[in-house]
Amino acid sequence: MVLKIAIQKAGRLHEESVRLLRDCGIDFNNGVNKLRTEATNFPLEVYFLRDDDIPQYVEDGVAEAGIVGENVVLERQREVLVQEKLGFGRCRLSLAVSRTHPYQGLSDLSGLKIATSYPVLVSAFLEKHQIRAEIHEISGSVEIAPGIGLADAICDLVSSGSTLFMNGLKEVQTVLESEAVLISGKSLGAPQEAILQKLLFRIKSVKRARHNKYILLNAPNDRLGQIIALLPGMKSPTVLPLAEKGWSSVHSVVDEDDFWGIIENLKACGAQGILVVPIEKMII
Ligand code: PRT
Ligand code: ZN
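Quick notes on the rules
- Residues numbered from 1 in each chain as written.
- Chains lettered and ligands numbered in written order.
- Predicted model: local features only at pLDDT ≥ 70, side-chain atom pairs only at ≥ 80, totals over all residues.
- Heavy atoms only, no water.
- Donors = N, O, S within 2.8 Å, 3.2 Å for Na, K, Ca; no water.
- Tetrahedral: all angles 85-135°; square planar, octahedral: opposite > 155°, others 65-115°.
- Helix = DSSP H or I, 4+ residues; strand = E, 2+ residues; numbered from the N terminus.
- Contact = heavy atoms within 4.5 Å.
- Near = heavy atom within 4 Å.
- Polar contact = N/O pair within 3.5 Å; in protein donor to acceptor, adjacent residues only side chain to side chain.
- Areas by Shrake-Rupley, 256 points an atom, 1.4 Å probe, with all protein chains shown as cover.
- Nonpolar A, V, L, I, M, F, W, Y, C, P; charged D, E, K, R; others polar.
- Domains from an automatic or database assignment.
- Pairing = 2+ DSSP bridges.
- Axes fitted to C-alpha atoms, helices over the stretch in contact; angles between N-to-C directions.
- Buried area = accessible area lost by both parts, 1.4 Å probe.
- Salt bridge = Lys/Arg side-chain N within 4 Å of Asp/Glu carboxyl O.
- Patch = residues over 30% accessible without salt bridge, like charges linked within 9 Å, V, L, I, M, F, W, Y side chains within 5 Å.
- Disulfide = S-S within 2.5 Å.
- Buried < 20%, exposed > 50% of the residue type's maximum accessible area, 1.4 Å probe, protein only.
- Core = buried A, V, L, I, M, F, W, Y, C linked by side-chain atoms within 4.5 Å.

(A) Structural view of the coordination of the zinc ion (ligand 2). In the first shell of the zinc ion (ligand 2), the protein supplies D51 (OD) and D52 (OD), at 1.9 to 2.1 Å from the metal. Around the zinc ion (ligand 2) sit 4 donor atoms; with metal-centred angles ranging over 75 to 171°, the donor geometry is irregular.

Now the structure itself:
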C-alpha cells in the first residue's frame, strides 16, 4: 500500500515541496521528465503535476494528498481537506490600482473593471463588502491589464511587490494571505490514512525543527539563575559543569522569532561562547 501525493512539477512550489519530503527522510528522484516516482524508503508515490490541477486530482482520488498553494485550493473550491500549513510559498492575493489613482477606500472600487485569475475569491470578497464591480477573468500577466486599457484594477498574487511597482500599480487591499498547504482527500482508506498520519507527524517535526535553534553557552555559576530564566528549553535547559571551576555549560532550544532578543539578554547576563546550531528534527 502507498499514499499517492501530488506536488508541483515545476514552478515556485516545486523545490520547497521536494525539500520538505526529503527533510522528512523520504528518498525519491525529483521528477525531471517524469510524471511520477516511488519513494525508496517510505510508502509514498509522488506525482508531478501543474499546481492548478492538484485539488481536482485529490478530490477525484487520483492522488490521496497534495502540496499546493492555499490560494489555489480556495479558488478551485474542491472537496478536499487542508491538513497542515507548510510555511513556504507565502504570498497574498491583493487588489491593486494605478499608482496615480486617488484611492481612498474600498468603495472606490465600485463600478471598476477588475482583472484577475482568481474570480471566485475576488467575487466573494466584493460581495462580502457589498461592492459592485465587474470582474474580468484572465489567466496570466494580470499586472499589465490596466496599462493596456483592459481593466481599471487588478487582483493578483504579490510577494515582494516589485511586479506591481514595475507596472505602475499600488497595492490597496489584501484579499487573502496564502502559503503552501498539505491537502488530502475527504475519505481515504484506512491504510492511506495511516500513511498520511505518519507523513504529517514527520512534517510537523521538520517544521518545528526549522522554527527552532539549539543553543549552547558558557555561564558563570553565580549568574545561572538569570540565564536559565531566559531559556525555556523543551522541558528546561540542560546544565553541565565545565572543567573550569565556577562555570557551567547551558544547552537549550529557542524559537527563531525570539532568537535575537534572547541572545542580547544572554550576553548582558554574562553568557560567553554562545553557539547556535540548526536542528534537524524535533519530536515533542
Ligand atoms: O505551471 P504551474 O501551473 O504549476 O505553475 P504556475 O505558474 O501557475 O504557478 P507558480 O509556480 O507561479 O506559483 C505557484 C504558487 O506559488 C502559487 O499558487 C502561490 O501559492 C505561490 N506563490 C508565492 C506565488 C508567488 N508567491 C508569486 N509572487 N505565485 C505567483 N507569484 C507571482 C504573481 O502572480 C506575480 O506575477 O509573482 C508575481 C509577483 O511577485 P512579486 O515578488 O513581484 O510581488
Ligand atoms: Zn498554475
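(B) Focus on the environment of I215. Its location among the elements puts I215 in strand β12 (residues 212-220). Separated by 59 residues in the primary sequence, I215 and I274 have C-alpha atoms spaced 7.1 Å apart. Non-local contacts of I215, meaning those with residues more than four positions away in its chain, are made with L231, V250, H251, S252, V253, V254, I263, L266, I274, L275 and V276.

(C) Summary view of the site of ligand 1. Not every one of the 23 residues close to ligand 1 is listed here, only the nearest: D52, N71, S160, G161 and T163. At 2.8 Å, a side-chain N or O of D52 approaches an oxygen atom of ligand 1. Separating an oxygen atom of ligand 1 from a side-chain N or O atom of N71 is a distance of 2.7 Å. In isolation ligand 1 has 840 Å² of accessible area, and contact with the protein removes 78% of it. Mapped by element, the contributors of at least two residues to the shell around ligand 1 are α3 (70-76), β9 (153-158) and α5 (162-166). Tallied by class, the residues present in the shell around ligand 1 amount to 6 nonpolar, 10 polar and 7 charged. For the shell around ligand 1, the two domains that each supply at least three residues are domain 1 (3-88 + 179-209) and domain 2 (91-178).

(D) The sheet that holds strand β5 (residues 80-85), seen in detail. In spatial order, the strands read β2-β3-β1-β4-β11-β5; together these 6 strands make up an open sheet with mixed pairing. Looking at the sheet topology across the chains shown, the edges are occupied by β2 (36-38) and β5. Taken over all neighbouring pairs, the strand axes of this sheet differ in orientation by 25° on average, direction set aside. Bridge count between β2 and strand β3 (residues 44-49): 3 bridges; the pairing is antiparallel. Looking across to β3, one finds that R36 is bridged to Y47. Against the sheet, helix α6 (residues 190-210) touches β1 (3-8), β3, β4 (65-69), β5 and β11 (180-185), its axis set at about 30° to β5.

(E) Main features of the domain arrangement of the chain. The domain architecture assigned to the chain consists of domain 1 (3-88 + 179-209), domain 2 (91-178) and domain 3 (212-278). Spacing between the C-alpha centres of domain 1 and domain 2 amounts to 30 Å. Counting residues at the interface gives 8 residues for domain 1 and 9 residues for domain 2. Contact between domain 1 and domain 2 buries roughly 710 Å² in total, counting both sides, with carbon and sulfur atoms accounting for 53%. On the domain 1 side of the interface with domain 2, the three residues burying the most area are N71, L74 and E75, jointly 71% of the side's total. Along the contact surface separating domain 1 from domain 2 lie 0 salt bridges.

(F) Broad picture of a nonpolar patch on the surface. A surface patch of nonpolar side chains, amounting to about 260 Å² of accessible area, comprises I144, I148 and L150. Turning to its location among the elements, I148 is positioned in the loop between β8 (134-137) and β9.

(G) Focus on the sheet that holds strand β13 (residues 238-241). One open sheet accounts for 4 strands, arranged β13-β14-β12-β15; its pairing is antiparallel. Edge positions in the sheet fall to β13 and β15 (272-278), since each of these pairs with one other strand and no more. Neighbouring strand axes in the sheet, compared pairwise and without regard to direction, differ in orientation by 20° on average. Bridge count between β12 and β15: 5 bridges; the pairing is antiparallel. In the sheet register, I215 faces β15, and the bridge partner there is V276. Relative to β15, helix α8 (residues 259-268) is tilted by about 160°, and along the sheet it contacts β12, β14 (247-255) and β15.

(H) Looking closely at the state of the cysteines. Counted according to the given criterion, the structure contains 0 disulfides. Cysteine C155 is unpaired, with the sulfur of C91 as its nearest cysteine sulfur at 11 Å. A residue is classified by how much of its surface remains accessible, and C155, at 0% relative accessible area, is buried.

(I) Inspection of the nonpolar core at higher detail. Counting 31 residues, the largest nonpolar core has I54, L93, L95, L109, C155 and I183 as the members making the most contacts within it. Looking at this core, the elements that each hand over two or more residues are β3, α2 (54-60), α3, β6 (91-98), α4 (119-128), β9, β10 (169-178) and β11. Counting residues per element, this core draws most heavily on α4, at 4 residues. Residues lining this core come from more than one domain, with at least three contributed by each of domain 1 (3-88 + 179-209) and domain 2 (91-178). Residues I5, I7, I67 and L199 belong to the second largest nonpolar core, which totals 28 residues.

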